[in-house]
Amino acid sequence: MIKLLGWRLGQAVFVMLAVGLLTWFLVQALPGDMAWRIASGRYGYDRVDAQAVARVQQELSGSLQQGSALLHWLFDLLQFNFGRSLVSGEPVMDELRWQLSQTLALAGTSLVLTLLLTLPLGIWAGCHANGKLDRVLFWLSALLKSVPHFALGMLLIVLLALQLDWLPSAGYGELRHFLLPALTLALSLTAVGVRVVREATFQVVTSGYYRWGAQKGLAPATLLRRHGLRNLASPVMTWFGMQFVWLVEGVVVVETLFAWPGIGHALVHAIFARDVPVIQASAMTLGLLFVLLNMLVDAGCHLLDPRGRRA
């Protein structure tokens, strides 16, 4: 277990260095005038003039001269010293804390909705394999998985916000603002999650130890609780951990679509504005969250499955 955690910590350091260097060089390689983009993000596209662009160019030349020593810049990066935003002038860490809290709230809500949908449907389909519900869920899962995030989000906006007027189409601060973006993420996660839980449940209920428990006269609910749920937990937890990569991708799209003030929305605006410190901080935070979640999943599987501890 200690070796595994040490490997994950090494991955975290590698992610920090790789993301920091890649974002710096990729932003520099983007076409267009970097100073004009930053000035547009700072003052607005309709207020940009030659003087504003000249001021930004002067600031950039000074910052590039100060940051010419690559080793010093990497040392600051490892200390999470991202400096100030080139657009707002505020410390990047202060902005990142707020954006990250909003993203985690949205992601947590979507994961809760995913669990509420995935576990009962998947377990029921696995216990009643090839039944009517199992076949219906198969086709629904294939349909939802084939729909992109932005298309599913637009469909929910048209149906639930514009036609039925049940939920607001955008905004934040209240519980009802969470539902549409969280439901967009949850439905796509559920599309695959139901099949994963179904297959894991089917393997458990068709195993020898499970059939032996049924022959002893255990009630189906008791049999599932004693011999099924723990054996389901490890593969399901592993799958949910792997889906964080998909969730990060979905958060960027969904936050932009619903104007949610999270880290994905900030990353998109920072790319357009060429705000290098914000891009580095946002991309690095998303990468470190992925490594951290994998570490937690590994620890959870290690505790749930005694075979891993014996190995």
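Nothing here was measured: the structure is a model prediction, and the numbers come from that model. (Residues numbered from 1 in each chain as written. Predicted model: local features only at pLDDT ≥ 70, side-chain atom pairs only at ≥ 80, totals over all residues. Heavy atoms only, no water.)

(A) Region of interest: the overall build of the protein chain. A count of helical and extended segments in the protein chain gives 14 helices and 0 strands. Sorting the 311 residues of the protein chain into buried and exposed places 42% on the buried side. Here the contacts in the protein chain between residues at least 6 apart in sequence split such that 72% fall between residues at least 24 apart. Of the roughly 17,200 Å² that the protein chain leaves accessible, carbon and sulfur atoms contribute 68%. (Helix = DSSP H or I, 4+ residues; strand = E, 2+ residues; numbered from the N terminus. Buried < 20%, exposed > 50% of the residue type's maximum accessible area, 1.4 Å probe, protein only. Contact = heavy atoms within 4.5 Å. Areas by Shrake-Rupley, 256 points an atom, 1.4 Å probe, with all protein chains shown as cover.)

(B) Structural view of the confidence of the model for the protein chain. For the protein chain, per-residue confidence averages 77 on the pLDDT scale, and residues scoring 70 or more make up 86% of the total. Across the protein chain, the element-wise mean pLDDT spans from 54 in helix α14 (residues 306-310) up to 87 in helix α7 (residues 149-163). Within the model, the stretch residues 65-69 combines pLDDT values under 50 with 0 contacts to residues more than four positions away or in other chains. (pLDDT = per-residue confidence, 0-100.)

(C) The arrangement of the nonpolar core in detail. L156, L180, L185 and L247 are the most contacted members of the largest nonpolar core, which has 19 residues in total. Taken together, the elements giving at least two residues each to this core come down to α5 (92-127), α7, α8 (175-205) and α11 (244-257). Considering each element in turn, this core owes the most residues, 6 residues, to α8. Of all hydrophobic cores here, the second largest spans 17 residues; its members include V15, A281, L286 and V291. (Core = buried A, V, L, I, M, F, W, Y, C linked by side-chain atoms within 4.5 Å.)

(D) Local environment of the UniProt feature "transmembrane region" (unreviewed entry) in the protein chain. Mapped onto this structure's residue numbering, the UniProt feature "transmembrane region" (unreviewed entry) falls at residues 12-30, 103-124, 136-162, 178-197, 244-263 and 283-304. Taken as a whole, residues 103-124 contains 100% helix and 0% strand, while its terminal C-alpha atoms sit 32 Å from one another. (UniProt positions renumbered as here; feature names shortened; annotations may be inferred.)

(E) Spatial organisation of a nonpolar patch on the surface. On the surface, a nonpolar cluster with roughly 320 Å² of combined accessible area is contributed by L117, L121, W124 and L133. In terms of residue count, α5 provides more of the nonpolar patch than any other element does, 3 residues in total. Position of W124 relative to the elements: it lies in helix α5. (Patch = residues over 30% accessible without salt bridge, like charges linked within 9 Å, V, L, I, M, F, W, Y side chains within 5 Å. Salt bridge = Lys/Arg side-chain N within 4 Å of Asp/Glu carboxyl O.)

(F) The side chain of T118, seen in detail. Relative to the elements of secondary structure, T118 occurs in helix α5. Look at T118 and you get buried, because its relative accessible area is 0%.

(G) Representation of the pattern of salt bridges in the model. By the definition in use, this model includes 4 salt bridges. Between D94 and R97 there is a salt bridge whose closest N-O contact spans 2.8 Å. Taken together, the residues D94 and R97, both in helix α5 and 3 residues apart, mark about one turn of the helix. Using a relative accessible area of 45% as the deciding quantity, one classes D94 as partly exposed.

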